[in-house]
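As a plain string of letters, each chain reads:
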Amino acid sequence: MKKFNADAIGETLLRKFAGRTSRRSILAKLGTALVAAPAFPLLPVSRVEAAKPDRSPEAKTAFAREAQTKDDTKCNYWRYCAIDGSLCTCCGGGIHSCPAGAEPSPVSWVGTCINPDDGKAYLIAYRDCCGKPACGQCGCDNADRETQIYVPQLNNDIIWCFGTSSMQYHCSTAVLVGAA
Amino acid sequence: MKKFNADAIGETLLRKFAGRTSRRSILAKLGTALVAAPAFPLLPVSRVEAAKPDRSPEAKTAFAREAQTKDDTKCNYWRYCAIDGSLCTCCGGGIHSCPAGAEPSPVSWVGTCINPDDGKAYLIAYRDCCGKPACGQCGCDNADRETQIYVPQLNNDIIWCFGTSSMQYHCSTAVLVGAA
Amino acid sequence: MSVTAMKRTIALSTAALSLLSIALSQPALAEDATTATVPEAETSDVMKAEKPQNHWFYVNGGWNVDGTSIFDAKTGKMKGMVNTSSSADLAFDPTGKYYYVSETIWSKGNRGTRQDMVSVYDTAEMKLLTEIVIPDRIIVGERKQNFIVSDDGKWGFVYNLSPASSVNIVDLTKRKFVKTVEVPGCATLIPNPGVGFSALCSDGSMATVAIASAKPQITRTAPFFSATTDPIFENFGYDKKRGLAVMLSYTGLVYTAKLGATPTLSAPFSIQSVAGYSSAETKPLDTAWYPGGRQPSALHGPSGHLFVLMHLGEFWSHKQAGTEVWEIDVAAKKVVRRHVLKEPMGHIEVTQDAEPMLFLNDEKGDGVILDAKTGEEKHKIEHAGAGIISVTDPS
Amino acid sequence: MSVTAMKRTIALSTAALSLLSIALSQPALAEDATTATVPEAETSDVMKAEKPQNHWFYVNGGWNVDGTSIFDAKTGKMKGMVNTSSSADLAFDPTGKYYYVSETIWSKGNRGTRQDMVSVYDTAEMKLLTEIVIPDRIIVGERKQNFIVSDDGKWGFVYNLSPASSVNIVDLTKRKFVKTVEVPGCATLIPNPGVGFSALCSDGSMATVAIASAKPQITRTAPFFSATTDPIFENFGYDKKRGLAVMLSYTGLVYTAKLGATPTLSAPFSIQSVAGYSSAETKPLDTAWYPGGRQPSALHGPSGHLFVLMHLGEFWSHKQAGTEVWEIDVAAKKVVRRHVLKEPMGHIEVTQDAEPMLFLNDEKGDGVILDAKTGEEKHKIEHAGAGIISVTDPS
């Protein structure tokens, strides 16, 4: 079964940087990148790799069985399979939009969620909106394939506000990245 | 009927200062006073004035009718007739003691409470303990003879942390000042 | 793991993505990004806020909770949030361009350097425009009377207690602090158009501060209420168009003040007596319907109707949550309607438009939006906020 | 009002008192204070705290709540509070002299300058002694593995993600930041006496960082778990005396690591299978008792018993609150007892003394203290705190 495997890469990638870039300058660059490109760069994906794997396991989790595609202000909206926090759609924002005055983090954690309409798996980037007090509305905590901080991009507890002017957490969005 | 009347004095007293002392230097002095005299000066009271007035109205309020003298960790303890906040007795402090690390405010609001054991009225100084996060235990809000901010010393909403190093509110004590 | 698999996994990690976006500037890694892109991918963006609407409620999070949430009375949906820190006071630019937040922040949260300021946010982007440094302010929260903006939007008045009473005057056009006026024994700031501001005092009078002259003039009315036996709730109603302040006492006496250089006070009337009861007393062992709560009443300017949270109890229960809302026609001295509430509520506010809506919240922070005319529940909002409720006043 | 009455009223107002105490230094007012004093008057003071006791629980307020409350397991009473800011991490000086708080504070709360530090408090006065500035730290909370102190109390290790993984090493004797060590792809800091620290990594290995040399050496074990299919909860148990780390995976596999320069891992066993069930699976549509919660297990060092929050569910329910506590003898690979909880609980901690007591709390922040041996409820504490629970380890 083909499954999302992020074990090594965090490490490998970071190793590449450890040598040539200090964490500070990474942060600095993130900051710049953010200012320079408010429209986030799209993800490079190898078409070959995009061939559909067997998604039946992901489709059978308790979350996936209950997921719906109509109301993105509910915790069981399909994209929220691994979200933890307040839904920006309930805070004056949108599914991929921060509420006014909040700042989207350039970094995020990710989830692979099944869209019940087509049964396909999609990669979702859970981008925190930062720099405002906690929204407090629509608190959700779904954890399909959510792991621990040693795989940071798959952990949904971390305050993912890097390179933003403040790390105060406001709400979380669920940005569709593409087919997984 | 003789009753606790504080209408004018706040004003009169403050007027006296308005002329000769800026609010800043008052605060400064408060600070010094606090450092200089951790044991707070006793109150001047004219014995003549201490003669017992008729306290039946105060003794008949809903609070007074239920008040007890045994357990100072309960909201109905007799001294708490006008307290608003967390009881320091539930926070690792005492009836007139701040928990370790907290700082008693040199200023406070006051209440006139009836001790059911002797039926007498006593003046209680509700001294906030400051400089630590909210204790959160034993939240009480009693309001016998509690009024609005234009009579500040009789208002129990104000954060009474003046001249302390931080105005963060931790809990409130009920210091016996004397017969009222 | 194969190189392609490797690439794919990179593609799957947005944490990696961010690094990748840096990687692009890193020659050694550049080739990693030379693959096709997913067309349907969304990009993150930020919403713009509408101009403040007169059917919006601004609900403070409450004690020790940051943020003031904006709810649309028509939909019940959250529209956004104003960055208010703990015990901050929120006020509005009458033209709808700015939010003003009077707040006190320590440089290290529970310690460090104290910073008092009026923070200015634009209402469209909701970005911080500037911080107007002020010398001091009272820290209490749960009030709208400690920070008011003059009807013309030119002046901000910040109440201060340290522990002497004074008011910091802020020029909102120049965005700078101007001066501090001592107002001994007074509080509860009331806008006084063309004059400055008025305030209620511990001797039962209303003080008026004329700010035009270099040395502000303080005048006082004769005492008209007792600040200790039957206090007037600070939470007054203000009718901008008529220049009226409508005030309510613990026993339920309604006073109106026609504002001006020398405010004139009307004779009070008892809301219980106009409801057919005997008027409520200050003496113990007397049960009656009393007004109460932390924001016990709200005035609808256009109609001159006052909405009051009422509860059955005894005197000194002035903080008790209300089980009914009484709608009072102040001019006609009549109780128009009584709405029974499903849950006791501690705060009440009303929109200032032609179709007034009520927002009420309880200690737990749950809120309801009611049609002010029928009392019908339109929306229920969990975790709306446990604090003071504000509305903008377009009049 | 007469002059004596006037004096009396002054006497009655403590707000006035404070001013009076100033007044004493004001000649013009001095005579106001020349009256008799009330003998029975109390004076305000401040308590001293006891040295940290091994029957105390330290309960964090939870998400966005400042302060960590200390509760005595014997009495259920609150003993005091440690000043922890939002998302701060608390650690203890093994000699009981200091509390260490790793925290990040912005100079203006929701904005301003970021300040990362380890704040040092003495345990008797609970006063801030110093702030050790550090370059950075992860902001997440709900963890004890992001800030640990070496068994000898000499070193503090602060985990950082920015978003590369590293550890800031702090010299607690000199009270200064020493250096940052990159630990690519690893997290979950585990004390490793005499060596430095160990950590769990995304490739399923345990990394060990020897800090003695100028350039810290990083070694890794062979991968022994899958970080994405059956992750090990960061919330490990640490047996100081035996130098053992006891770890639990999502499916309920218990691993033990004998710490040292090269940690040795034991073969895991399934707590469900030793309880008589078939071992739990990672595949969907399989129901079983799973460990879960935000602090799902607690190790009692002296007995080597692990207390685990368990719930009936399916895989990926690892954050779900537990309805039972399973007490597991790790060495004997046996389930000693199962306690059914009155309410589902999300955090569990156990005291390290001979009469172990459990503290459990739920999302609302209500807590219970149970006798670890009988499961009997000893105390119920409302609003105890909704966050992570810690104990000191005297061993």
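Preceding this paragraph is the structure being described.
My aim in this report is to walk through the structure given alongside it, one point at a time. Everything quoted here is computed from the prediction, not taken from an experiment.

About the criteria used
- Residues numbered from 1 in each chain as written.
- Chains lettered and ligands numbered in written order.
- Predicted model: local features only at pLDDT ≥ 70, side-chain atom pairs only at ≥ 80, totals over all residues.
- Heavy atoms only, no water.
- Helix = DSSP H or I, 4+ residues; strand = E, 2+ residues; numbered from the N terminus.
- Contact = heavy atoms within 4.5 Å.
- Areas by Shrake-Rupley, 256 points an atom, 1.4 Å probe, with all protein chains shown as cover.
- Disulfide = S-S within 2.5 Å.
- Buried < 20%, exposed > 50% of the residue type's maximum accessible area, 1.4 Å probe, protein only.
- Core = buried A, V, L, I, M, F, W, Y, C linked by side-chain atoms within 4.5 Å.
- Pairing = 2+ DSSP bridges.
- Axes fitted to C-alpha atoms, helices over the stretch in contact; angles between N-to-C directions.
- Salt bridge = Lys/Arg side-chain N within 4 Å of Asp/Glu carboxyl O.
- Phe/Tyr/Trp six-rings, centres within 6.5 Å; stacked < 30°, edge-to-face > 60°.

To continue, consider the overall build of chain C. Summing up its helical and strand segments, chain C has four helices and 31 strands in all. Considering only contacts within chain C whose residues lie at least 6 apart along the sequence, 43% involve residues at least 24 apart. A total of about 13,900 Å² of accessible surface is found on chain C, and carbon and sulfur atoms cover 56% of it.

Okay, the state of the cysteines next. All names here are of chain B. Throughout the structure, instances matching the rule amount to 16 disulfides over all chains. A disulfide bridge connects Cys-91 with Cys-135, and the sulfur atoms are separated by 2.1 Å. Taking the torsion about the sulfur-sulfur bond, which here is approximately -90 degrees, the covalent link between Cys-91 and Cys-135 counts as left-handed. A residue pair is termed long-range when its members are at least 10 positions apart, and Cys-91 in the loop between strand S1 (84–86) and strand S2 (97–98) and Cys-135 in the loop between strand S6 (128–130) and strand S7 (139–141) qualify at 44 residues. Cys-91 sits in the buried class, given a relative accessible area of 0%.

With that settled, the discussion passes to the nonpolar core. Core analysis: the biggest nonpolar cluster contains 75 residues, and Tyr126(A), Tyr159(D), Phe197(D), Leu200(D) and Met247(D) have the highest contact counts within it. In terms of residue count, strand S5 (residues 120–126) of chain A provides more of this core than any other element does, six residues in total. If we skip the residues at most four places from it in the chain, Met247(D) touches Leu200(D), Met206(D), Phe224(D), Ile232(D), Phe236(D), Leu253(D), Val254(D), Tyr255(D), Thr256(D), Ala257(D) and Leu265(D). Formed by 68 residues, the second largest nonpolar core is a distinct cluster that contains Ala82(B), Ala125(B), Cys201(C) and Ala227(C).

This next bit is on the sheet that holds strand S7 (residues 114–122) of chain C. Residues and elements named next belong to chain C. Read across the sheet, four strands follow the order S5-S6-S7-S8 without closing on themselves; strand pairing throughout is antiparallel. For this open sheet the edge positions go to strand S5 (89–92) and strand S8 (128–133), each flanked by a neighbour on one side alone. Looking at each pair of strands side by side, their axes are set apart by 25 degrees on average, direction ignored. Bridge count between S5 and strand S6 (residues 98–106): four bridges; the pairing is antiparallel.

Before going further, it helps to examine the pattern of salt bridges. Counting across every chain of the model gives 62 salt bridges over all chains. Across the pair Arg111(C) and Glu103(D) runs a salt bridge, and its minimum N-O distance is 3.0 Å. Taken as a pair, Arg111(C) in the loop between S6 and S7 and Glu103(D) in strand S6 (residues 98–106) lie in two separate chains rather than in one. Taking the relative accessible area as the measure of exposure, Glu103(D) reaches 0% and is therefore buried. In the salt-bridge network here, residues are joined through shared partners; they are Asp84(A), Asp141(A), Asp157(A), Arg143(D), Glu234(D), Arg294(D) and Lys319(D).

The next subject is the sheet that holds strand S14 (residues 196–201) of chain D. All names here are of chain D. Sheet architecture is open: four strands sit in the order S13-S14-S15-S16, paired in antiparallel fashion. Looking along the sheet, the strands with just one partner apiece sit at the ends: strand S13 (186–192) and strand S16 (217–220). On average, each strand axis in the sheet is inclined to that of its neighbour by 25 degrees, with strand direction left out of account. Bridge count for S14 against strand S15 (residues 206–210) is five bridges, and the pairing is antiparallel. From the neighbouring strand, Gly-196 faces S15, where its bridge partner is Ala-210.

Moving on to the environment of Cys91(B). Expressed as a C-alpha distance, the spacing of Cys91(B) and Tyr80(B), which sit eleven residues apart in the sequence, is 16 Å. Among all residues touching Cys91(B), those that are not within four sequence positions of it are Ser86(B), Pro99(B), Cys135(B), Gln137(B), His170(B), Cys171(B), Met78(D), Lys79(D) and Gly80(D).

Residue and element names in this part refer to chain D. Of all the five residues making up strand S4 (residues 78–82), four are buried; the element is thus mostly covered by neighbouring parts of the structure. Where strand S3 (residues 68–72) lies against S4, four bridges are found, and the strand directions are antiparallel. Bridging across to S4, Phe-71 finds its partner in Met-78.

Following the criterion strictly, the structure yields 46 aromatic pairs over all chains and no others. Taking 5.6 Å as the distance between ring centres and 75 degrees as the angle between the ring planes, the aromatic pair formed by Trp160(A) and Phe162(A) counts as edge-to-face. Phe162(A) carries the same exposure label as Trp160(A), and that label is buried. Their ring planes at 75 degrees and their centres at 5.9 Å tell us that Tyr169(A) and Trp63(D) sit as a pair that is edge-to-face. Of this pair, Tyr169(A) sits in strand S8 (residues 169–172) while Trp63(D) sits in the loop between strand S2 (56–60) and S3, which puts the two residues in different chains. Tyr169(A) gets classed as buried once you look at its relative accessible area, which sits at 10%. Ring-pair connections join several aromatic residues into one group, and the members of that group are Phe233(C), Tyr250(C), Tyr290(C), Phe315(C) and Trp316(C).

Any link to function would need more than the numbers given here.
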